[in-house]
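# Structural characterization, general
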Amino acid sequence: MNALGWALMILGAALLAVAALGLLRLPDALSRQHAATKAATLALGLMLAGLALLQPSPAWWIRIGALVAVLAATVPIASHALARAAAPRADD
Amino acid sequence: MNAERSVVLETTVAFFYWVMLAASLWLLLRGHNAPGGGFVAALVAVAATAAHALVFGVAAARARLPFGPLGLSALGLALAAASGLPALLLGQAFLTHLWGELAVGGLALKISTVLIFDLGVALCVWGALGGFCLRLLETVR
Amino acid sequence: MNGALAAAPVLVPLLTAALTVALARWPRRQRAASAAGALLLLLCCAALLQGAIGGMVVTARFGEWDAPFAIAFRIDRAAALMLAVNAVLAVAVLAYPGRGALATPFGAPLVHGLLAGAGGAYATADLFNFYVWFEVMLIAALGLIVAGRRPEHLEAGLKYLVLNLFGTVLLLAAVAGLYGLTGQLNYEALGLALAGRGDDPLALLLGAMLLVALLIKAGAFPFLFWLPAAYPVLPAPLLALFTALTTKVGAYALLRVLYEVFPAAAPTYAQALGWIAVATLVAGVMGAVYHYDVRRILAFHSVSQMGYILLAVALGGAAGIAAALFFSIHHILVKANLYLIAGMIASRGGHHDLRRIGALARTDPGLAVLFALSAAALVGFPPLSGFWAKLLILREGAAQERYLWMALALCTSALTLLSMAKIWIEAFWKPHPAPAAVPQGPLAPGAWAACGMLALLALALGVMPGPLIDFLHQAAATMAAPPSGLAP
Amino acid sequence: MKRFVAGVVILWRVFVAIGRSGWQISWRILRPSRSFAPGFVEYRFQPMGPAATTVLACLICITPGTTAVDVDAANGSMRLHLLDAGHGDAVLEEIRLLFEGAVRTLFAKEDVS
Amino acid sequence: MTILVEVFLGAALLLVLEALRRLPGTANRIVAVDLLSVCALAACVVAAARSGHTAFLDVALGFALVAFLATVCWAFALRAGMPEEDGP
Amino acid sequence: MVQAVLPAASQAIWIRGAWLIPLALLPAVAGLPGEPASWSVPWVAPLGVRLGFTADGLARLFLLLVCGVGAAVLAYTPGYLRGHARLGQLMCLLIAFTLAMAGAILADDLLLLLLFWEATSVLSFLLVGFEHDSQDSRDSARQALLVTGAGGLALLAGIVLILLAAPGLRLSDLAHLDPAVLDDARFQAGVALVLVGAMTKSAQFPFHFWLPGAMAAPTPVSAYLHSATMVNLGVYVMARFDEAMGAVPWWEATLLSIGTITALWGAVQAPRERDLKRILAWSTVSALGTLTVLIGLPNELGALAFAAFVLAHALYKAPLFFVAGNVDHATGTRLIDRLSGLRHGMPATALAALLAGLSMAGLPATVGFVAKDSIKAAKEVSEVLWVVEGASLLVSTVGVAVASVAVVRIFFGRPAHPAGHNPHEGGWRLALPPLALAGLGIALGLFPALAEPLVADAARMIAPGLAPADASLQTDWLLRLESFAVVWAVGALVYAGWNRLYRLLDRLRFLDRAGPAAAYGAALRGLKHGAGAVARGLQGRRLSRYLGTTVAATVLLCAPWAFGLGFPAPAAISIDGAGVLVGCAAAILGAVLALRARGTLGRLLGAGAVGVGSAVVFLFRGAPDLALTQLAVESVFVVVAAVALRRYRQGPGTVARRVGAWRAAVALAFGVLLGAVLLALSGRPLDGAMADYFLAQSVPQGHGRNVVNVIIVDFRSLDTLGEIAVVMLAALAAWPLARRLPARRKKP
Amino acid sequence: MIEWAMAASVAVVAAAGLYLASSRDLVSIAVGLALLGSAVNLFVFAAGRLGQAAPPLIAPGAAAPLAAVANPLPQALVLTAIVIGFAFACFSIALALALAAHDGRADADALEQAEPPPRPDGDPGELP
Ligand code: NA
Ligand code: NA
């Protein structure tokens with residue numbers, strides 16, 4: 001359980017690094033935004049899942065659940081807002 | 001910031017405004033035992049106010065601040081200062097906090113002047129920083 | 001009761017500030033609340049002073065926590081006196097007809113914020129708490145500076161902000177460093193903890209940082225740039241308030257820090273401090289000699305006079321401390337009055353620049369008397385307050401055989417005379433350069449009341465300095481005494 | 001009950017979508033040699049209420065390779081940014097299949113059509 | 001073993017900062033800042049894992065709520081038209 | 001300015017009767033018997049200052065002059081300035097001056113003397129500048145104030161030193177001073193400084209130049225201040241110290257040389273003037289020099305001569321000033337070239353001039369003769385240098401010539417005066433005072449015994465050893481005539497050749513360029529330049545310089561101790577600290593980012609990165625509250641930053657492409673200083689008592705499990721109260737700054 | 001090791017802050033001041049020592065921490081300092097914006113309204 005938890009954490013962290021790498025590798029702001037939101041969400045999700053395995057107690061799970069909910073709600077909005085801002089206007 | 005309206009942001013911010021205020025209250029109430037407290041609570045509230053202002057306009061956000069931003073701030077400061085006054089009546093030093101138990105339906109609630117102090121901190125900071133953000137946002141509308 | 005009284009120097013102005021913010025939309029109610037707050041503060045400070053005269057040291061450990069751990073206010077003779085003088089000045093400034101910054105909706109709360117900051121800084125016996133109150137003062141002062149909103153106000157605000165914020169950063173670092181070194185924040189506890197470290201370079205370095213931070217706040221050479229940059233563009237009542245509340249707090253804290261926190265190392269610092277003081281004296285007065293704008297002249301004199309205070313601080317001992325406190329009080333009363341009078345000169349003459357005004361002795365004889373009295377007090381003609389202040393410093397300096405310092409101080413005095421004579425000759429004697437120009441309208445009774453009150457106080461101080469000197473000797477003896485151990 | 005099921009379905013699909021989209025973009029970052037062409041497409045749908053539109057837009061944002069840029073709730077159209085516009089139609093079809101219906105069910109009352 | 005998490009976290013932070021330094025244009029950098037706050041969230045999670053205190057998750061929760069504002073605000077500013085600065 | 005208080009009517013009753021005030025003072029003190037009378041009450045106890053007054057012989061002599069001349073002046077002034085709008089003001093100042101002089105002369109306490117001394121300086125400033133519409137008058141007033149004010153400071157310094165050497169010393173103690181005190185270097189230095197002060201007041205070389213300048217004052221003021229009272233204050237103080245200091249070698253030598261130079265200087269300058277008042281002023285300088293020489297003479301007869309000459313000088317110089325005033329009043333000029341034969345229009349003034357002139361020339365049967373005779377006697381007894389002797393001869397000669405100019409040249413001969421004027425007497429107020437004083441001079445010359453007790457009493461205060469036999473002023477003047485004949489003859493020659501002498505002396509232009517007056521001007525100009533340089537240095541106006549200098553000075557003042565710091569050795573990297581390292585790295589990179597960014601966004605984001613780095617450090621060092629606060633602050637700050645980005649345009653050229661080396665060095669030095677302190681600190685043990693107290697008390701007493709929060713709201717809640725005050729005040733402060741922009745200006 | 005890292009970051013951040021604070025660009029000055037504040041916050045935090053990674057929280061039911069925890073006092077001090085620093089940062093930015101709005105040059109070194117330039121000959125001249 002512990003090992004799996006840490007493995008998920010490491011995987012998540014690695015994915016975060018990959019997302020950061022994406023900033024440098026992807027061609028334009030909109031594409032980079034995909035990296036910043038989607039990969040990062042997955043990374044955080046993996047880390048939180050790992051943490052849930054590492055700390056199997058309700059006090060932790062409640063918080064992890066709340067955090068996941070908040071992230072799931074805010075990340076797409078952030079993504080939308082960023083994309084909206086970075087994209088050329090429709091009427092351009 | 002005069003971006004044109006977005007239904008997504010309007011819907012979510014209208015919802016999140018209350019979520020953030022609830023979170024702010026939560027941080028305020030449990031600050032004595034876990035991370036949080038008046039200042040952070042206020043910052044979350046300020047964030048809510050600012051987000052509301054961004055999406056629905058400054059006037060709408062200001063209308064949601066009771067007493068107006070600076071009045072709120074003054075109220076907060078007065079509350080925080082006043083929380084230290086009861087102790088003076090008991091002959092103790094200023095800001096000596098008093099604790100009491102309040103029985104509400106079989107639940108023993110700890111109430112104290114500390115909470116008033118923290119509430120004062122939160123209101124003061126919310127009003128001041130929220131008001132400042134609103135005023136600043138107004139300049140670029 | 002004592003506990004309430006101890007908190008009053010911050011509590012009253014803070015509550016007044018909050019109230020006046022809430023009343024910002026109703027100017028008349030706001031003015032009434034502001035005046036009531038100032039009078040209440042004066043009342044509380046008078047009570048504190050009354051107690052201090054009786055030898056009582058009002059202390060409060062906020063929250064009733066144990067001795068070195070709680071934030072403590074310790075209002076001894078010196079603090080009570082400075083607080084009382086501040087309160088007097090606040091009343092005078094609020095009586096003075098407000099224009100510019102003070103008449104804006106947030107003028108009153110900012111003034112009370114400034115008072116709260118100064119009150120806390122005088123009363124506190126906790127180094128970090130001192131930092132907090134100093135920040136309160138700084139932001140309130142900035143608010144008042146920029147409230148005029150004209151470009152020169154904003155520029156003054158920027159210079160004031162940047163240079164003072166550096167001082168604040170230094171102050172905070174020094175405070176934290178001293179905490180890290182000793183584990184204490186209370187003055188007395190710090191003094192005890194540092195007593196055995198007279199030669200620890202880290203302690204000395206932290207002390208030097210703290211002193212430099214306070215010197216920046218006090219406007220000493222070569223940290224004075226913010227003062228002549230910011231002061232000369234401000235309206236008269238603000239200047240009066242600033243001269244009392246900002247630099248003097250720095251000097252007072254310098255006294256406290258040197259003789260309560262670093263008594264062992266004080267002689268090490270005194271040499272450097274003395275030369276800084278002399279440089280401040282000379283630099284300030286030279287600037288005053290150069291300028292033709294009344295406010296600029298007075299601002300540079302503020303620098304120069306701070307040199308006297310610092311000189312007394314550097315001399316140290318009970319006599320030096322007493323001299324520093326006497327000089328501070330004299331300077332607050334007289335200089336604040338001169339700033340107010342400068343405002344009256346400008347409102348009658350139509351300008352602050354001496355080259356544009358004149359003949360006021362003929363048109364405003366009362367103003368002339370008022371100015372002459374205050375200027376003579378500033379120069380130090382006997383038997384006005386400045387004379388005794390100067391004499392106290394000279395006596396102690398000569399007793400310590402600091403002849404060069406004293407000689408330079410006397411030269412400064414001569415140049416002070418020169419520049420005061422300049423204001424008199426140019427503004428009051430010289431025929432008006434544009435004879436068609438008529439005085440700008442009558443002076444408000446509030447202005448006369450404020451200036452008259454301050455002048456009477458300064459006069460009383462000059463004619464009867466004995467009781468105050470005695471009182472200050474007692475105050476200084478308490479301050480210069482080695483730490484006695486902490487009260488339980 | 002129907003709406004509860006729809007909610008659960010959406011949650012599950014979101015869960016999967018997060019995993020897929022994260023994986024997809026990571027892969028793309030690590031293998032940049034594979035050429036792809038980002039671009040915009042127009043996604044049209046049956047107009048629905050603002051809340052429903054918002055949820056749909058959020059789901060689209062979570063879906064692999066797509067982000068909602070401009071949303072017009074009244075006319076039922078969105079401008080999407082696709083990481084790989086080459087497969088645009090397939091992606092739109094997938095969205096329609098996976099999310100649009102479920103969201104419509106979830107917000108049945110609010111349906112304006 | 002656990003240090004790997006911090007190494008990856010550090011790597012992510014450094015890459016984001018490098019992106020902030022190197023990427024041209026406002027939009028790119030705002031995207032990078034968004035990722036920076038995700039990194040901070042991740043740091044909270046790691047700190048929670050290492051210390052065994054839920055307190056750090058509370059931090060993450062509070063921050064997640066306000067970070068949302070930050071991104072939205074940047075987006076609005078960008079959308080409203082910030083001056084495009086050439087070069088970092 | 002006094003008009004505000006007093007009625008403005010120019011001939012109010014109090015103005016007309018003001019001359020009685022000094023006369024009323026006279027019997028109060030001068031009428032006392034020969035023994036000194038003292039009166040003293042404590043004033044400033046902690047400084048040992050008393051309101052102590054003593055009236056002894058010397059004081060009485062001077063007081064008599066002050067009151068007598070004062071009465072004459074106060075009687076004269078309303079006539080001289082009839083109808084002047086500010087006559088009342090002038091009268092008030094003159095009365096105040098009388099009181100100040102009386103106080104200075106009676107004062108026994110040194111600081112009290114200083115008080116009245118400074119009062120006379122200030123009043124003299126106001127009096128000299130009375131006609132302040134004229135630039136000349138203002139400049140003269142300022143000059144007088146500066147010179148005597150500086151002298152006052154020397155006096156203050158001297159008194160401080162004297163009181164340090166001899167605490168509680170009073171002037172009346174000087175006569176019987178403890179020899180140990182006299183040996184104290186501080187006492188001698190103090191007396192030297194007092195002497196400097198006295199020299200400025202008494203217009204001794206090189207401080208004399210203010211006196212001729214002060215002739216810009218209205219004539220009554222000159223007659224009062226600059227003939228025989230205020231300028232005498234300096235010699236009065238010298239005389240007070242003479243008995244005590246007589247034993248000190250430098251004292252008498254200094255007095256003799258200063259007095260001689262001053263007397264000579266005045267004598268040389270007098271013939272170079274055409275303005276009657278200025279001629280008289282120079283002769284006053286000369287007389288003051290002579291008085292100083294007399295104090296410096298080492299025998300008792302010198303003291304007697306001093307006292308006699310003080311009296312005589314007052315009795316002829318004051319009337320001569322009045323005469324100059326009358327002439328000016330009647331003709332509108334004081335230039336001797338344009339005046340002659342005025343005796344026809346102004347007989348009374350001519351008579352007064354004649355009587356005073358006779359006395360000044362030292363002709364027999366005048367008080368001037370009596371004084372000159374005692375001077376001669378004193379010099380004969382002392383073995384003074386031939387230079388002094390010769391100088392005094394020259395001075396006497398010029399005195400005779402000046403007296404002749406003031407009398408013969410102006411009042412006799414063919415009538416001549418500026419057109420449009422009809423010289424006539426200006427009423428009894430102008431005629432009587434000079435006549436009375438000059439007449440008194442003749443009376444005392446005829447009956448010296450009348451003055452003898454007064455003069456001898458005064459002399460005994462300076463020289464207690466003066467024998468009664470030597471104290472006589474009576475001389476068989478017929479026997480003495482021949483010794484003065486030479487002086488009179490040469491004086492007559494000088495008078496006859498006055499114009500030629502004027503042209504000759506006028507060539508001595510270098511005296512104007514190199515003299516002390518020129519030095520004064522040069523000093524003022526130098527001061528102006530110096531002040532300009534200092535002001536420029538302090539107000540470079542560039543904020544970056546201000547900050548740079550402030551920081552550099554900070555580092556320099558702190559650096560000496562930084563070299564003694566010891567640092568802990570860097571330990572190996574531990575897994576435990578990895579998170580902190582990540583945070584530190586982020587903070588450093590963020591700082592570099594902010595530093596190197598050219599745009600506003602880059603800077604703001606860099607600062608944000610520093611914040612995130614700090615938050616990471618806080619997270620990994622057990623500070624969740626801090627991390628949350630820091631991160632929340634960074635997020636909310638985005639609103640501010642975004643607005644800044646929308647509104648702000650960098651100024652052209654404000655962002656330098658190159659690193660400013662000096663700026664960077666100063667900044668780095670300060671950073672390194674902070675870092676070094678931190679590092680040195682981390683090698684020391686921490687006294688954790690405070691932390692332990694808070695940790696222990698948090699739950700039982702603070703009812704909270706988050707210790708940081710309990711500190712914030714309870715243990716140190718006062719800090720928090722101040723902190724939220726800062727936040728509210730910051731909002732108030734920023735409120736007027738954040739205003740909607742005016743329409744954006746188009747950039748060219 | 002972390003002590004050295006902290007000292008280094010304090011030094012670098014403070015130096016960068018001061019460098020920026022002494023620049024001519026108004027917003028750079030504000031940012032520099034903020035950085036200076038951040039540096040000194042780190043300094044205060046580290047001055048309380050970096051020994052423990054456990055937060056100063058007390059478990060429910062316990063009267064005191066069961067194990068060693070981080071020093072809570074510097075945390076409280078830094079918290080205060082952060083808030084104050086934030087207030088000042090807001091004010092600085094507002095001031096910078098207001099100044100820039102008044103003066104199109106937005107150059108801190110070109111400000112000369114409050115301090116008229118002294119003349120080289122030391123004579124302020126007849127009239128400005
Ligand atoms: Na006397
Ligand atoms: Na002698």
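All figures in this text were calculated on a predicted structure; none of them were measured in a lab.

### Details of the overall build of chain G
Looking only at helices and strands, chain G features 3 helices and 0 strands. Along chain G, helices and strands appear, N-terminal first, in the series α-α-α. Viewed in the frame of its principal axes, chain G has a C-alpha envelope of about 80 × 30 × 25 Å. A fraction of 54% describes how many contacts in chain G between residues 6 or more apart in sequence connect residues 24 or more apart.

### Concerning the interface of chain C and chain F
In many analyses, interface size is given as the accessible surface area lost on bringing the parts together. At the junction of the two partners, chain C supplies 108 residues and chain F supplies 91 residues. Buried surface at the junction of chain C and chain F, summed over both partners, amounts to about 9000 Å²; 80% is from carbon and sulfur atoms. Looking only at chain C, the three residues that lose the most surface to chain F are W65(C), F69(C) and W429(C), adding up to 10% of its buried area. Between the two partners, chain C and chain F, sit 3 salt bridges. Split by residue class, the side of chain C that touches chain F holds 81 nonpolar, 14 polar and 13 charged.

### A few points about the UniProt feature "transmembrane region" (unreviewed entry) in chain G
Residues and elements named next belong to chain G. Residues annotated by UniProt as "transmembrane region" (unreviewed entry) correspond here to residues 26-46 and 76-101. Counted over residues 26-46, helix gives 100% and strand 0%. Its end C-alpha atoms are 31 Å apart. Measuring from the first to the last C-alpha atom of residues 76-101 gives 38 Å, for a span that is 100% helix and 0% strand.

### Concerning the coordination of the sodium ion (ligand 2)
All names here are of chain F. Looking at the sodium ion (ligand 2), one finds its protein donor set to be D242 (OD), E252 (OE), I295 (O) and L297 (O), positioned 2.5 to 3.1 Å from the metal centre. Considered as a linear motif, the donors of the sodium ion (ligand 2) on their single chain read D-x9-E-x42-I-x1-L. Per residue, the accessibility class of I295 equals that of L297, and both read buried.

### Some thoughts on the nonpolar core
Counting residues in hydrophobic clusters, the biggest one holds 762 residues, and the most contacted among them are F187(F), F241(F), F306(F) and L721(F). Top element by residues in this core is helix α3 (residues 72-102) of chain G. It accounts for 23 residues. Other than its neighbours up to four places away in sequence, F241(F) contacts L110(F), I162(F), L171(F), L174(F), V191(F), V194(F) and W251(F).

### So, the side chain of S140(F)
Residue and element names in this part refer to chain F. Structurally, the position occupied by S140 is in helix α6 (residues 135-165). With relative accessibility at 5%, the residue S140 sits in the buried group. Only 2.9 Å separates the side chain of S140 from the backbone oxygen of G213, close enough to count as a polar contact.

### Observations regarding the sheet that holds strand β2 (residues 66-72) of chain D
Strand pairs in the sheet, formed through backbone hydrogen bonds, run parallel or antiparallel to each other. Residue and element names in this part refer to chain D. With antiparallel pairing, 3 strands are arranged side by side in an open sheet as β1-β3-β2. Looking at strand neighbours, the two that pair on one side only are β1 (39-44) and β2, the edges of this open sheet. Pairs of neighbouring strands in the sheet enclose a mean axial angle of 25°, with direction left out of account. Pairing between β1 and strand β3 (residues 77-82): 6 bridges, direction antiparallel.

### Here's the deal with the interface of chain A and chain E
In this assembly, 43 residues from chain A lie in contact with 44 residues from chain E. Summing both partners gives a buried area of about 3800 Å² for chain A against chain E, and 83% of it is carried by carbon and sulfur. The interface formed by chain A and chain E contains 1 salt bridge. Across the pair D58(E) and R63(A) runs a salt bridge whose closest N-O atoms are separated by 2.6 Å. Our count for the chain A to chain E interface comes out at 4 residue pairs in polar contact (both at pLDDT 80 or more). Taken together, the elements giving at least two residues each to the side of chain A that touches chain E come down to α1 (2-25), α2 (29-54) and α3 (58-86) of chain A. Considering each element in turn, the side of chain A that touches chain E owes the most residues, 16 residues, to α3(A). Counted by class, the side of chain A that touches chain E contains 34 nonpolar, 4 polar and 5 charged residues.

### Side note on the environment of A34(B)
Considering the arrangement of structural elements, one finds A34(B) in the loop between α1 (7-30) and α2 (38-56). Residue class for A34(B) comes out buried when judged on its relative accessible area of 10%. With residues near it in sequence (within four places) discarded, A34(B) still touches D58(E), N706(F) and L57(G).

### Looking at the environment of L446(F)
All names here are of chain F. With respect to the element layout, L446 can be found in helix α18 (residues 428-446). On the basis of relative accessible area, L446 is assigned to the partly exposed category, the value being 47%. C-alpha of L446 to C-alpha of P167: the two residues are 279 residues apart in sequence and 47 Å apart in space.

### Quick look at the packing of aromatic side chains
The description of an aromatic ring pair uses the distance of the two centres, along with the angle that the planes make with each other. Per the stated rule, a full pass over the model turns up 48 aromatic pairs over all chains. Centroid distance W65(C) to F715(F): 4.4 Å. Interplanar angle 55°. Geometry classified as tilted. With one member in each of two chains, W65(C) in the loop between β1 (58-61) and β2 (72-75) and F715(F) in helix α30 (residues 707-715) form a pair that bridges those chains. Comparing W65(C) with F715(F) shows no difference in burial state: the two are buried. Ring geometry for Y308(C) versus F327(C): centroids 5.0 Å apart, planes at 20°, classification stacked. Residue Y308(C) is located in helix α13 (residues 294-315), and its partner F327(C) is located in helix α14 (residues 317-349); the two are separated by 19 residues in the primary sequence.

### Notes on the UniProt feature "domain: NADH:quinone oxidoreductase/Mrp antiporter transmembrane" (unreviewed entry) in chain C
Taking the numbering used here, the UniProt-annotated feature "domain: NADH:quinone oxidoreductase/Mrp antiporter transmembrane" (unreviewed entry) corresponds to residues 126-416 of chain C. Annotated as 81% helix and 0% strand, the span residues 126-416 of chain C places its first and last C-alpha atoms 37 Å apart.

### Digging into the coordination of the sodium ion (ligand 1)
Residues and elements named next belong to chain F. Note on the sodium ion (ligand 1): its protein donors are I105 (O), A107 (O) and Y236 (OH). The metal-donor distances range over 2.4 to 2.8 Å. Positions of the donor residues of the sodium ion (ligand 1), expressed as sequence spacing, correspond to I-x1-A-x128-Y. Taken together, the residues span a long stretch of sequence, with A107 in the loop between α4 (87-106) and α5 (110-128) and Y236 in helix α11 (residues 230-245) at a distance of 129 residues. The exposure class of A107 is buried, given its relative accessible area of 4%. Here Y236 falls in the buried class, since its relative accessible area comes to 0%.

### Section: the pattern of salt bridges
Enumeration over the complete set of coordinates arrives at 38 salt bridges over all chains. The salt bridge partner of R256(C) is E260(C), with a shortest N-O separation of 3.1 Å. One end of the pair, R256(C), and the other, E260(C), are both in helix α11 (residues 247-261), 4 residues apart, so they sit about a helical turn from each other. Residue R256(C) is classed as buried on the basis of its relative accessible area of 2%. Its relative accessible area of 14% is what places E260(C) among the buried residues. The salt bridge partner of E100(D) is R104(D), with a shortest N-O separation of 2.8 Å. Placement of both E100(D) and R104(D) in helix α3 (residues 88-106) is noted, with a separation of 4 residues, approximately one turn of the helix. Residues E100(D) and R104(D) agree in their burial class; the two are buried.

### Here we look at unusual backbone geometry
Note on backbone geometry: most residues besides glycine have negative phi, and most peptide bonds are trans. All names here are of chain C. A cis amide bond links F221 to the next residue, P222, at an omega of -5°. Along the chain, P222 falls in the loop between α8 (201-218) and α9 (226-230). At the junction of P382 and P383, the peptide bond is cis and its omega measures out at 0° in the coordinates. The residue P383 is located in the loop between α16 (365-379) and α17 (385-399) in this model.

### Some remarks on the packing of helix α13 (residues 276-296) of chain F against helix α17 (residues 386-411) of chain F
Residue and element names in this part refer to chain F. Contact geometry of α13 with α17 gives a least axis separation of 10 Å together with a crossing angle of 150°. On the basis of the axis angle, α13 is roughly antiparallel to α17. As for the relative orientation of α13 and α17, their crossing is left-handed in sense. Within the contact between the two elements, α13 uses L276, I279, L280, S283, S286, T290 and V293 and α17 uses V388, V395, V402, A406 and I410. Counted by class, the contact of α13 with α17 contains 9 nonpolar, 3 polar and no charged residues.

Analysis parameters
- Residues numbered from 1 in each chain as written.
- Chains lettered and ligands numbered in written order.
- Predicted model: local features only at pLDDT ≥ 70, side-chain atom pairs only at ≥ 80, totals over all residues.
- Heavy atoms only, no water.
- Helix = DSSP H or I, 4+ residues; strand = E, 2+ residues; numbered from the N terminus.
- Contact = heavy atoms within 4.5 Å.
- Buried area = accessible area lost by both parts, 1.4 Å probe.
- Salt bridge = Lys/Arg side-chain N within 4 Å of Asp/Glu carboxyl O.
- Nonpolar A, V, L, I, M, F, W, Y, C, P; charged D, E, K, R; others polar.
- UniProt positions renumbered as here; feature names shortened; annotations may be inferred.
- Donors = N, O, S within 2.8 Å, 3.2 Å for Na, K, Ca; no water.
- Buried < 20%, exposed > 50% of the residue type's maximum accessible area, 1.4 Å probe, protein only.
- Core = buried A, V, L, I, M, F, W, Y, C linked by side-chain atoms within 4.5 Å.
- Polar contact = N/O pair within 3.5 Å; in protein donor to acceptor, adjacent residues only side chain to side chain.
- Pairing = 2+ DSSP bridges.
- Axes fitted to C-alpha atoms, helices over the stretch in contact; angles between N-to-C directions.
- Phe/Tyr/Trp six-rings, centres within 6.5 Å; stacked < 30°, edge-to-face > 60°.
- Parallel < 35°, antiparallel > 145°, perpendicular 65-115°, else oblique.
- Left-handed = near helix turned anticlockwise from the far one by under 90°.

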